[in-house]
Amino acid sequence: MLDPFERKILRELQRDASQTTAQIAEKVGLSPSPCWRRIDRLERDGILTARVALVDRRKVDLNAHIFAQVKLNAHGRAHLDDFSEAIRGFPEVLEAYVLMGPVDFLLRIVAKDIESYERFFFDKLSQVPGIQEINSTVALSEIKSTVALPL
């Protein structure tokens, strides 16, 4: 279980992981050494999994944001691992979730534009064996996007 200092540390790291340990320590009310030890433990325990830079997709010319619902046929469902491995190989797919319900997977995909997504759809995604149906929905605007967990 996380103590209140660890929760504060995680909130600070989610807000800005480029902060020094001393900066974080000051904000959470610890001295640098105990703060560093807590961060180190959070990393060793797998609670902190990575420290990354977030890139604005639009500023790197990835303007199309698509959600694809994928339904596999009976043969495909028998080979979920094969489908999952194929999806992991597509850099356009940012997230993939196995679902319970009328579809099997939800994919979050980015592309330069709709024409680029169309090429990805026909040349790559629809070529994965075992797919019965793909329904794509284009996001028009982004209302909220965060990777910060509510700690």
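Please read all numbers here as calculations on a predicted model, not as lab measurements.

*Asks:* So what exactly am I meant to see when it comes to the sheet that holds strand β3 (residues 105-111) here?
*Replies:* In a beta sheet, neighbouring strands pair by backbone hydrogen bonds and run either parallel or antiparallel. Taking strand neighbours across the sheet as the criterion, the 4 strands line up as β2-β3-β1-β4 in an open arrangement whose pairing is antiparallel. What marks the edges here is a single partner per strand, and that holds for β2 (93-98) and β4 (131-138). Within this sheet the neighbouring strands show an average axis-to-axis angle of 20°, counted without direction. Two strands pair when backbone bridges link them, and strand β1 (residues 64-72) and β3 are joined in this way by 7 bridges, in the antiparallel orientation. Following the sheet pairing, Gln-69 is matched in β3 by Leu-106.

*Asks:* In this structure, what is going on with the nonpolar core? I would like to understand it.
*Replies:* One recurring pattern in soluble globular proteins is that nonpolar side chains are buried together. Core analysis: the biggest nonpolar cluster contains 20 residues, and Val-70, Phe-83, Leu-107, Ile-109, Tyr-117 and Leu-125 have the highest contact counts within it. Those elements giving two or more residues to this core turn out to be β1, α5 (80-88), β3, α6 (114-123) and β4. Counting residues per element, this core draws most heavily on β1, which supplies 5 residues. The contact partners of Tyr-117, leaving out residues within four places of it in the chain, are Ile-66, Ala-68, Ile-109, Ala-111, Leu-125 and Ser-136. By size, the runner-up hydrophobic cluster in this structure holds 11 residues, among which are Ile-9, Ile-39, Leu-42 and Leu-48.

*Asks:* Sorry, what's going on with α6 here?
*Replies:* Side chains of residues three or four places apart in an α-helix project in the same direction, reflecting 3.6 residues per turn. Here α6 has its buried residues at Ser-116, Tyr-117, Phe-120 and Phe-121. Projected onto a plane normal to the axis of α6, the buried residues spread over an arc of 140° and lie on a single side. As for α6, its buried residues are in contact with β1, β2, β3 and β4. Between the side-chain oxygen at the start of α6 and the backbone nitrogen of Glu-115 there is a gap of 3.3 Å, and the oxygen is on Asp-113.

Definitions and cut-offs
Residues numbered from 1 in each chain as written. Predicted model: local features only at pLDDT ≥ 70, side-chain atom pairs only at ≥ 80, totals over all residues. Heavy atoms only, no water. Pairing = 2+ DSSP bridges. Helix = DSSP H or I, 4+ residues; strand = E, 2+ residues; numbered from the N terminus. Axes fitted to C-alpha atoms, helices over the stretch in contact; angles between N-to-C directions. Core = buried A, V, L, I, M, F, W, Y, C linked by side-chain atoms within 4.5 Å. Buried < 20%, exposed > 50% of the residue type's maximum accessible area, 1.4 Å probe, protein only. Contact = heavy atoms within 4.5 Å. Arc of directions from axis to C-beta. Polar contact = N/O pair within 3.5 Å; in protein donor to acceptor, adjacent residues only side chain to side chain.

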